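Residues per chain are reported as follows:
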Amino acid sequence: GGPVFDPLALRAVSIIELGPIDQVSFAVEDVAAALPAYSALFGEFTVRTVAFSPEHVVYQGRPATATLDLAFGRSGDLEIELVAVVEGDGPARDHIRRHGPGLHHVRFPVEDLRTTRDAMEAAGFTVVLDGVTARGSLFAYLGAPATFGHTQFELIQHQT
């Protein structure tokens, strides 16, 4: 993590007005192996494999290639996501290396990703990963100041 929030940074974050999260994501080493435990808690999951391509995704400042196994379930209005990096590199793999499997990020839908991302960076967050999904949605993962431990925050601007 980075520095702990100072009062000025806390004020900067409170002004952003992110709204409610719509997803909680867990980093896992192997989606198939993790599914029995997570299904017991959250019910049925849908599994799919996606690929990052360097023309669409930047990770730690460099174009990125990765293959991910993803599983999606629900808890009320929240989407529950499991992420395993099968090939390449990504935030979930780094999270597992540093902290083991578990809660990785929460996601906020936003109207204007660039403006929100810039405001969060000004408040002390750092962009870890950003890009465009296969469906055309813009996204960014941000590392937080140490106040939040190792939990990351995802912003997504859904394609309308």
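This report concerns the structure included in the present document. (Residues numbered from 1 in each chain as written. Predicted model: local features only at pLDDT ≥ 70, side-chain atom pairs only at ≥ 80, totals over all residues. Heavy atoms only, no water.)

Notes on the sheet that holds strand E4 (residues 62-63)
The 10 strands lie next to each other as E2-E5-E6-E1-E7-E10-E9-E8-E3-E4, forming an open sheet whose pairing is mixed. Strands at the two margins of the open sheet, each flanked by one partner only, are strand E2 (46-52) and E4. Of the pairings in the sheet, the one linking strand E3 (residues 57-59) to E4 comprises 2 bridges and is antiparallel in character. Note on E4: the bridge partner recorded for Tyr-59 is Arg-62. Its contacts with the sheet place helix H3 (residues 91-99) against strand E1 (23-27), E3, strand E6 (78-88), strand E7 (102-109), strand E8 (126-132), strand E9 (138-143) and strand E10 (152-157), and it is angled at close to 85° to E6. (Pairing = 2+ DSSP bridges. Helix = DSSP H or I, 4+ residues; strand = E, 2+ residues; numbered from the N terminus. Contact = heavy atoms within 4.5 Å. Axes fitted to C-alpha atoms, helices over the stretch in contact; angles between N-to-C directions.)

Points about the layout of surface pockets
If a probe as big as a water molecule is rolled over the atoms, it shows which places are left empty. By volume, the largest pocket amounts to about 680 Å³. Taken together, 33 residues make up the lining of the largest pocket; nearest its centre are Arg-48, Val-50, Leu-70, Thr-133 and Ala-134. Residue classes in the lining of the largest pocket are distributed as 17 nonpolar, 10 polar and 6 charged. (1 Å grid on protein atoms, 1.4 Å probe; cavity = no way out; pocket = protein on both sides within 12 Å on 5 of 7 lines; lining within 4 Å. Points joined across faces, edges and corners; volume = space filled by probe spheres on them. Nonpolar A, V, L, I, M, F, W, Y, C, P; charged D, E, K, R; others polar.)

Regarding the pattern of salt bridges
Overall, the coordinates contain 6 salt bridges when judged by the stated rule. Residues Arg-107 and Asp-22 are paired through a salt bridge, measuring 2.8 Å at the closest nitrogen-oxygen approach. Of this pair, Arg-107 sits in strand E7 while Asp-22 sits in the loop between helix H1 (7-16) and E1, placing them 85 residues apart in sequence. Each member of the pair, Arg-107 together with Asp-22, is buried. Among the ionic pairs, Arg-97 bridges to Asp-94, the shortest N-O distance being 2.7 Å. With Arg-97 and Asp-94 both in helix H3, this residue pair falls 3 residues apart, about one helical turn. One network of salt bridges, with partners in common, ties together Asp-22, Glu-79 and Arg-107. (Salt bridge = Lys/Arg side-chain N within 4 Å of Asp/Glu carboxyl O. Buried < 20%, exposed > 50% of the residue type's maximum accessible area, 1.4 Å probe, protein only.)

A short note on the packing of aromatic side chains
Counted by the stated rule, this structure contains 9 aromatic pairs. Summarising the aromatic geometry, the rings of Tyr-38 and Phe-42 are spaced 6.5 Å apart at their centres and angled 15° between planes, so their arrangement reads as stacked. One end of the pair, Tyr-38, and the other, Phe-42, are both in helix H2 (residues 31-42), 4 residues apart, so they sit about a helical turn from each other. The class of Phe-42 is partly exposed, set by a relative accessible area of 23%. One aromatic cluster is present, formed by Phe-108, Phe-125, Phe-148 and Phe-153 through successive ring pairs. (Phe/Tyr/Trp six-rings, centres within 6.5 Å; stacked < 30°, edge-to-face > 60°.)

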